[in-house]
Amino acid sequence: MRFLYLLIFLGLSACTQKTSKPDLFKKSNSDFQPVKRSLITPNIDGSPNDIAWKNKTWIPLDNDWEGKNENSVRYKLTWTPDALYILVVIENLKLERSLNNPLSTFENQSRLILYIDENNSGGNYANDHSAFSYHILVDGFILDYNALGQPTVYNNHIDSEIKQSDSNLYWEIKLTVFDESYCDNLPNEAVKLIKNKKMGFAIAYSSTDASTNSKTILGSVEIPEDYKNHIEYDSGLFGTIMLVE
């Protein structure tokens, strides 16, 4: 009888046991990617031949966040006091502009996702603007979620341009940086970037194949298995960049 009671107790315990989410990710303060300043402001036209990109190092986008992406993707970074600049090349790819409503379909479109945490503080940014995750669409729309969790257009935060060169696609981006005091529907002042400033940063390429209804995501940082998909609200998973001369 005692054995029977033990089995019942263990069964009830198994039914009531909950799987808890891991704590917010604690990022290292010592690891960072240096980003060299450009004395010439890049012209946002999608061209990789701009002198501002000369001598800037290509960085591979090689962490599989979802699925297995076969595209070769690399990016470069530079900065001026007014903005952070990103140049992305995706080899053997041609993208078509979508005519669908971006507010309702952007998560099903191939796109770049740019993550920025102005003061590199980490933490949960799901219901505020302590960090941003910008979805950059082929047609130029820039979307993120506002403080109420609603998809919102932020086209004034990012200027982007795509250029097709043979089989490669170049995607050039100017990111105006805002801090955690940003408030939707109010005037907001952009942050001036300075030498030795550290910011949380990550970039990803999300590719959607409509023919197979599949999606793959390549990211710039390695995400532990327990934290899969958490980067959408946990900025501790961002990498760190430091602005240098």
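Cut-off values and rules
Residues numbered from 1 in each chain as written. Predicted model: local features only at pLDDT ≥ 70, side-chain atom pairs only at ≥ 80, totals over all residues. Heavy atoms only, no water. Phe/Tyr/Trp six-rings, centres within 6.5 Å; stacked < 30°, edge-to-face > 60°. Lys NZ or Arg CZ within 6 Å of the ring centre and 35° of its normal. Helix = DSSP H or I, 4+ residues; strand = E, 2+ residues; numbered from the N terminus. Buried < 20%, exposed > 50% of the residue type's maximum accessible area, 1.4 Å probe, protein only. Contact = heavy atoms within 4.5 Å. Core = buried A, V, L, I, M, F, W, Y, C linked by side-chain atoms within 4.5 Å. Pairing = 2+ DSSP bridges. Salt bridge = Lys/Arg side-chain N within 4 Å of Asp/Glu carboxyl O.

Hey, could you run me through the packing of aromatic side chains in this one?
How two aromatic rings sit relative to each other is given by the distance of their centres and the angle of their planes. The full count for this structure, using the stated rule, is 11 aromatic pairs. Grouping aromatic residues by their ring pairs yields a cluster made of F132, Y134, Y154, F178 and Y182. Taking NZ or CZ as reference, R37 lies 5.4 Å from the ring centre of W79, over its face.

Sorry if this is basic, but what is going on with the side chain of T176 here?
Turning to its location among the elements, T176 is positioned in the loop between β11 (168–175) and β12 (198–209). Residue classification places T176 among the buried positions, given a relative accessible area of 18%. Residue contacts for T176: discarding those within four places in its chain leaves D82, H157 and A190.

Help me understand the nonpolar core, please; the structure alone is not making it clear to me.
In a soluble, globular protein the nonpolar side chains are often hidden away together inside. One finds L84, I86, L114, W171 and F201 to be the most contacted residues of the largest nonpolar core, which totals 39 residues. Breaking this core down by element, the ones donating at least two residues are β4 (73–80), β5 (83–90), β6 (111–117), β7 (132–137), β10 (158–165), β11, β12 and β14 (239–244). Every residue in contact with L84, bar those within four places of it in the chain, is listed here: V35, T78, W79, I116, I173, K174, L175, L193, M199, F201, I241 and L243. Listed in part, the 14 residues of the second largest apolar core include I113, Y125, A202 and V221.

Even after reading the chapter, I still don't get the pairing of strand β8 (residues 142–145), so can you show me in this structure?
Regular strands have side chains that alternate between both faces of the sheet. With two bridges connecting them, β7 and β8 associate as antiparallel partners. Of the residues in β8, the one forming a bridge with H135 is L143. As consecutive antiparallel partners, β7 and β8 are separated by four residues, and within that stretch G140 has a phi angle of approximately 100°, a positive value. Linking β8 back to strand β9 (residues 151–153) in an antiparallel pair, the connection comprises five residues, with G149 at a positive phi of about 80°.

I'm lost on the sheet that holds β10 in this one. Help?
Two orientations exist for strands paired in a sheet by backbone hydrogen bonds: parallel and antiparallel. Pairing is antiparallel in the open sheet, where five strands are placed in the order β2-β4-β5-β11-β10. Pairing within the sheet leaves two strands with one partner each, and these edge strands are β2 (59–60) and β10. As paired elements, β10 and β11 share eight bridges and run antiparallel to each other. Directly across from S165, in β11, lies its bridge partner N168.

Help me understand the pattern of salt bridges in this model?
Pairing is possible between side chains of opposite charge, provided their charged atoms come close. If you walk through the whole model with that rule in mind, you get five salt bridges. E245 is paired through a salt bridge with R37; the nearest N and O atoms lie 3.9 Å apart. In this pair, E245 sits in the segment after β14 while R37 sits in the loop between β1 (33–36) and β2, placing the two residues 208 residues apart along the sequence. Of the charged contacts, one joins E91 and R74 as a salt bridge, the two residues approaching to 3.3 Å between their closest N and O atoms. Here R74 lies in strand β4 and E91 lies in the loop between β5 and α2 (102–105), a separation of 17 residues in the sequence. Classification of R74 by relative accessible area gives partly exposed; the value is 27%.

Is there a simple way to explain the environment of S160 in this structure?
Its place among the elements puts S160 in strand β10. The class for S160 is buried, based on a relative accessible area of 14%. In this structure the C-alpha to C-alpha distance between S160 and K174, which are 14 residues apart in sequence, comes to 6.3 Å. With near-sequence residues (within four places) excluded, S160 lies in contact with I44, I136, G140, I142, W171, E172 and I173.

Can you help me understand the environment of G122 in this one?
Assignment of secondary structure puts G122 in the loop between β6 and β7. Along the primary structure G122 and K26 are separated by 96 residues, whereas in three dimensions their C-alpha atoms are 7.6 Å apart. Residues in contact with G122, not counting those within four places in the same chain, are D117, S235 and G236.

Everything listed here is a matter of geometry and, on its own, says nothing about what the molecule does.
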